[in-house]
Amino acid sequence: MMNPGESSADKLLARDGVQRIPSEKLELFQLRDFVPPDLCQELISLIELDRRPSTLADAGDDNYFRTSETCDLDAGLPAVMRMEALLHALNGIDPAHGEPLQGQRYDVGQEFKPHCDYFNPGGKDWTRYCSVAGQRTWTFMIYLNDVDAGGATRFKAAKKMFQPEAGKLVCWNNRRPDLRENPNTIHHGMKVRKGLKYVITKWYREKPWGW
Ligand SMILES: O=C(O)CCC(=O)C(=O)O
Ligand SMILES: [Fe+2]
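Residues numbered from 1 in each chain as written. Chains lettered and ligands numbered in written order. Predicted model: local features only at pLDDT ≥ 70, side-chain atom pairs only at ≥ 80, totals over all residues.

Under an unreviewed UniProt entry, the name given to the protein chain is 2OG-Fe(II) oxygenase, and the organism recorded is Qipengyuania citrea. Among the UniProt annotations of the protein chain, the heading Cofactor (unreviewed entry) holds the following wording: "L-ascorbate". (UniProt positions renumbered as here; feature names shortened; annotations may be inferred.)

What follows is the structure, given as structure tokens:
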């Protein structure tokens, strides 16, 4: 049986418009027009109100690895609740297994270099990030606006680049069928060349989030 912290290809493909990116190496999907324009605008306004420099687990020494700005979105706000309801209807994941929704804002020249969303087993932050809620299972990411130039998300193993497009969802399973972390999920939020880029990210965990 599927863990309540996971979605599945069958569940996602049951929705009209969901496309699986052909690859043996990972489970990767997109859905255009997932989030309506008025909700995209509301979420952009919330990110603008409350942004701060992004941080990283296992950051290492590269201060330019993730140069965007982040915002934790308050789960009690109507726009955030609407977003959560859309996600739950699509992916079927128990909302208790979700981390709080995060917003990201990238200015010209900002990027998130190639990385995986799961935590490195045995890495120095492993205990701190995974002791309560376990490993990250699935990632759901939504572009909130069309970017003037740049800002694509590149999945090298799948030979796929997603162009930002208001309301478009990209989602993937961070693990393989045997539940080991899948390094083929490595992805690069490429530099914005012109304009701003806003995204929302939702990460799910093996166990309930609980704090
Ligand atoms: O902004 C992007 O295109 C990628 C964002 C991302 O990978 C993340 O927030 O984990
Ligand atoms: Fe990521």
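Colleague: I tried to follow the overall build of the protein chain on my own but got confused; where do I start?
Modeller: Assigned secondary structure in the protein chain consists of four helices and 14 strands. In terms of overall dimensions, the protein chain is globule-like: its C-alpha atoms have a radius of gyration of 16 Å, near the 17 Å expected for 211 residues. Dimensions of the protein chain, computed from C-alpha atoms along their principal axes, come out at roughly 45 × 45 × 35 Å. Burial status across the protein chain gives 35% buried among its 211 residues. Within the protein chain, residue pairs in contact and separated by at least 24 positions form 77% of the contacts whose partners lie at least 6 positions apart. (Helix = DSSP H or I, 4+ residues; strand = E, 2+ residues; numbered from the N terminus. Rg over C-alpha atoms; globule rule 2.2 N^0.38 Å. Buried ≥ 20, exposed ≤ 12 C-beta atoms within 10 Å, placed from the backbone. Contact = placed C-beta atoms within 7 Å.)

Colleague: Looking at this model, I keep getting lost on the site of ligand 1. Mind explaining?
Modeller: Within the structure, ligand 1 sits among Gln104, Phe112, Asp117, Met141, Thr153, His187, Gly189, Val199 and Thr201. Of all elements in the fold, only β12 (187-189) and β14 (197-205) reach the threshold of two or more residues within the shell around ligand 1. In terms of residue class, the shell around ligand 1 is built from three nonpolar, five polar and one charged. (Near = placed C-beta within 6 Å. Nonpolar A, V, L, I, M, F, W, Y, C, P; charged D, E, K, R; others polar.)

Colleague: Mind showing me how you'd approach the sheet that holds β12 here?
Modeller: Each strand in a sheet pairs with its neighbour through backbone hydrogen bonds, running either in the same direction (parallel) or in the opposite one (antiparallel). One open sheet holds the four strands; their spatial order is β6-β12-β9-β10, and the pairing between them is antiparallel. Edge positions in the open sheet fall to β6 (112-115) and β10 (160-162), since each of these has one partner strand only. When strand polarity is set aside, the average angle formed by the axes of neighbouring strands in this sheet is 10 degrees. (Pairing = 2+ DSSP bridges. Axes fitted to C-alpha atoms, helices over the stretch in contact; angles between N-to-C directions.)

Colleague: In this structure, what is going on with the nonpolar core? I would like to understand it.
Modeller: Among soluble globular proteins, nonpolar side chains are generally buried collectively. Core analysis: the biggest nonpolar cluster contains 35 residues, and Ile142, Leu144 and Cys171 have the highest contact counts within it. Breaking this core down by element, the ones donating at least two residues are β2 (28-31), α2 (37-49), α3 (78-91), β7 (136-143), β11 (169-173) and β14. Among all residues touching Ile142, those that are not within four sequence positions of it are Phe34, Val35, Lys168, Leu169, Val199 and Ile200. (Core = buried A, V, L, I, M, F, W, Y, C linked by C-beta atoms within 7 Å.)

Colleague: Explain the pairing of β2 to me, please; I cannot follow it from the model alone.
Modeller: Every other side chain in a regular strand lies on the same face of the sheet, so the side chains alternate between the two faces. Where strand β1 (residues 19-20) lies against β2, two bridges are found, and the strand directions are antiparallel. Its bridge partner lying in β2, Arg20 is registered against Phe29. Sheet topology places β2 next to β11; four bridges connect them, and they run antiparallel. Bridge pairing in β11 links Gln30 to Val170.

Colleague: Any chance you could explain the UniProt feature "domain: Fe2OG dioxygenase" (unreviewed entry) in the protein chain here in plain terms?
Modeller: As recorded in UniProt, the feature "domain: Fe2OG dioxygenase" (unreviewed entry) lies at residues 97-206. Across residues 97-206 one finds 5% helix and 41% strand; the C-alpha atoms that close the span lie 7 Å apart.

Colleague: Looking at this structure, I do not really get α3. What am I missing?
Modeller: Its 14 residues give α3 an end-to-end C-alpha distance of 20 Å, which sits within 8% of 20 Å, the value for a rise of 1.5 Å per residue. Looking at the buried residues of α3, the elements they touch are α1 (9-13), α2, β7 and β14. (Expected span 1.5 Å × (residues − 1).)

Colleague: When you look at the environment of Thr137 in this model, what are you seeing that I'm missing?
Modeller: In this structure, Thr137 sits in strand β7. Residue classification places Thr137 among the buried residues on the basis of 23 C-beta atoms within 10 Å. In this structure, Thr137 is in contact with Gly5, Glu6, Asn174, Arg175, Tyr204, Arg205 and Glu206, ignoring residues within four places of it in sequence.

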